[in-house]
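# Results of the structural survey
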Amino acid sequence: MIDNITSLIDDLSVKWDLWIGQYRAFFPTEEEDLQACMDLMEKAGGKNRQGDDYLPNFSSQIAACQDTRSGEIIAALCLADALQLSEDSCWKNTYQLELFDEDQLSTMAVFVDMIIEEEYQKTPAAAVLISHCFIEILKAGGQAILLSCEAERFPIFKRLGLRPIGLQQKSNNGIHIPMICFPDEDYFATIHSPVISLLRGLDFMTYKGFQDWYQDLVDHNQDLRIGSTYFPDSEEQFTGHKSITEGLSPAGKKAFLKNAIVITYNEEEVLLMENDGGKTFGFVRQGLLKVMINGKTIVLLGEGDIFGEIAFILESNRSAQVVAASPNTEVVQFSESAVNNLESEADRTAIWRNLARAMAQKLILTNKLLD
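Below you will find a few notes about this structure. (Residues numbered from 1 in each chain as written. Predicted model: local features only at pLDDT ≥ 70, side-chain atom pairs only at ≥ 80, totals over all residues. Heavy atoms only, no water.)

### Some words on the overall build of the protein
Put simply, the test is: Note on conventions: DSSP H or I runs of at least 4 residues are helices, E runs of at least 2 residues are strands, and numbering of each starts at the N terminus. Throughout, exposure labels follow a simple rule: accessible area from a 1.4 Å probe, protein chains only, divided by the maximum for the residue type, with under 20% read as buried, over 50% as exposed, and the rest as partly exposed. By definition in these notes, contact holds between two residues if any of their heavy atoms fall within 4.5 Å. For the area figures, the Shrake-Rupley method with a 1.4 Å probe applies, and any residue is considered shielded solely by the protein chains shown.
From N to C terminus, the protein includes 13 helices and 17 strands. Taking all 371 residues of the protein together, the buried fraction comes to 53%. Long-range pairs, those at least 24 residues apart, make up 76% of the contacts in the protein between residues at least 6 apart in sequence. Split by element, the accessible area of the protein, about 17,000 Å² in all, is 47% carbon and sulfur.

In structure tokens form, the structure reads like this:
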């Protein structure tokens, strides 16, 4: 037992809300709001709930997100102290807390449960809720947050600036990916994270310890590198083909997508072989892919990420193998004719521009990780 723990969670301010568009994130203090959060978690069967023994003897705090148009609470999460959770082997394994020393753990909060109403899954609600909690953790003197997500939520968290610290943790609830977020100005700017606009005036050098720690982790575990497809902030509903079809005319988009091939792969099935000809490219519609060289994973791709574009653009053989990393992984693939058969030259140019942007973005992120 760790003695004399100062709880980071107990130091959170519950006085401030975050309003973005129609969504309000806050720490509820009224009994009605707290009950609404608990009802939401109960209805969804929160993956970490353990009946009356939920987080026994641990400091915790409930956060909520409200749709201000209806007044309903549509998302909730539970925060806990990483240092306290590290005393329990189950929690320690779920969030890979053994990777951190005691000083690091004392400055970290864990999101042990997050529930979002089904119809709000692909809206900014999750981003508003997580951003609010992240900012308040920093205000309380914390330096990082941890969570464990399912494959389908990986793109949402990646978009905010969370990065994996482990891969494919198996449980009764399927694949879970433990992830971390800490202030890193260069990385947030590289991926165009919406969180960076909330961090104005922050001294990012204060968090250099975590920045160096993560760089070392990736240097020794290259399979933690992730794709970097950029999605514009203006698109509220996430659509996987946006990164490829942006800028196409309505007719061009319809014709291009009509030539798409949708394929479902089982875990560990090979999509693309190393040294094959690069005549196709595509994007992840559901699940995860891993890009492998010499049997080692070098990049993890999630929903919306483009793959195969480098060999397609350069008209060269594949430099890597692409393998499904989750069950029922669904991809959308395009052949060369899907581009060449577009009637409008402007539409063809838009496709090539989007592919080039995706390739450049990957190179920028790779250089960032190698610095």
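Structure's up, so let's keep going.
### Focus: unusual backbone geometry
The phi torsion at Glu 268 lies on the positive side, around 80°, for a residue other than glycine. Notably, Asn 294 is not glycine yet its phi reads approximately 55°, a positive angle. In this fold, Asn 294 is placed in the loop between strand E13 (289-293) and strand E14 (296-301).

### Examining the environment of Tyr 95
Quick reminder of the rule: Polar contacts, as used here, are pairs of N or O atoms within 3.5 Å; protein pairs need one atom able to donate a hydrogen and one able to accept it. Residues neighboring in sequence count only if both atoms are side-chain atoms.
Mapping Tyr 95 onto the fold places it in the loop between helix H3 (89-94) and helix H4 (102-105). Residue Tyr 95 is classed as buried on the basis of its relative accessible area of 1%. As for Tyr 95 and Leu 146, which are separated by 51 residues in sequence, their C-alpha atoms are 7.1 Å apart. A distance of 3.5 Å separates the side chain of Tyr 95 from the backbone oxygen of Val 112, its partner in a polar contact.

### Here's the deal with the environment of Ala 311
In this fold, Ala 311 is placed in helix H11 (residues 309-314). Each C-alpha atom, one on Ala 311 and one on Thr 280, is 8.5 Å from the other, the two residues being 31 residues apart in sequence. With residues up to four places along the chain from it excluded, the contact list for Ala 311 reads Gly 278, Ser 316, Asn 317 and Arg 318.

### Structural notes on the packing of aromatic side chains
Applied cut-off: Ring geometry is summarised as follows: Phe, Tyr and Trp rings, the Trp one being its six-membered ring, pair when their centres sit within 6.5 Å, and such pairs are stacked at plane angles under 30 degrees, edge-to-face over 60 and tilted between the two.
Applying the stated rule across the entire model yields 12 aromatic pairs. When the centroid spacing of 6.3 Å and the interplanar angle of 85° are considered together, the rings of Tyr 23 and Tyr 120 count as edge-to-face. Here Tyr 23, found in strand E2 (residues 23-26), pairs with Tyr 120, found in the loop between strand E5 (108-116) and helix H5 (125-139); they are 97 residues apart in sequence, far enough to count as distant. Look at Tyr 23 and you get buried, because its relative accessible area is 3%. For Tyr 120, a relative accessible area of 11% gives the class buried. Ring centres of Phe 182 and Phe 210 lie 6.0 Å apart, and the angle between their planes is 25°; this geometry places the pair in the stacked category. Taken together, the positions of Phe 182 in the loop between strand E9 (174-181) and helix H7 (185-190) and Phe 210 in helix H8 (residues 208-220) put the pair 28 residues apart, joining distant regions of the chain.

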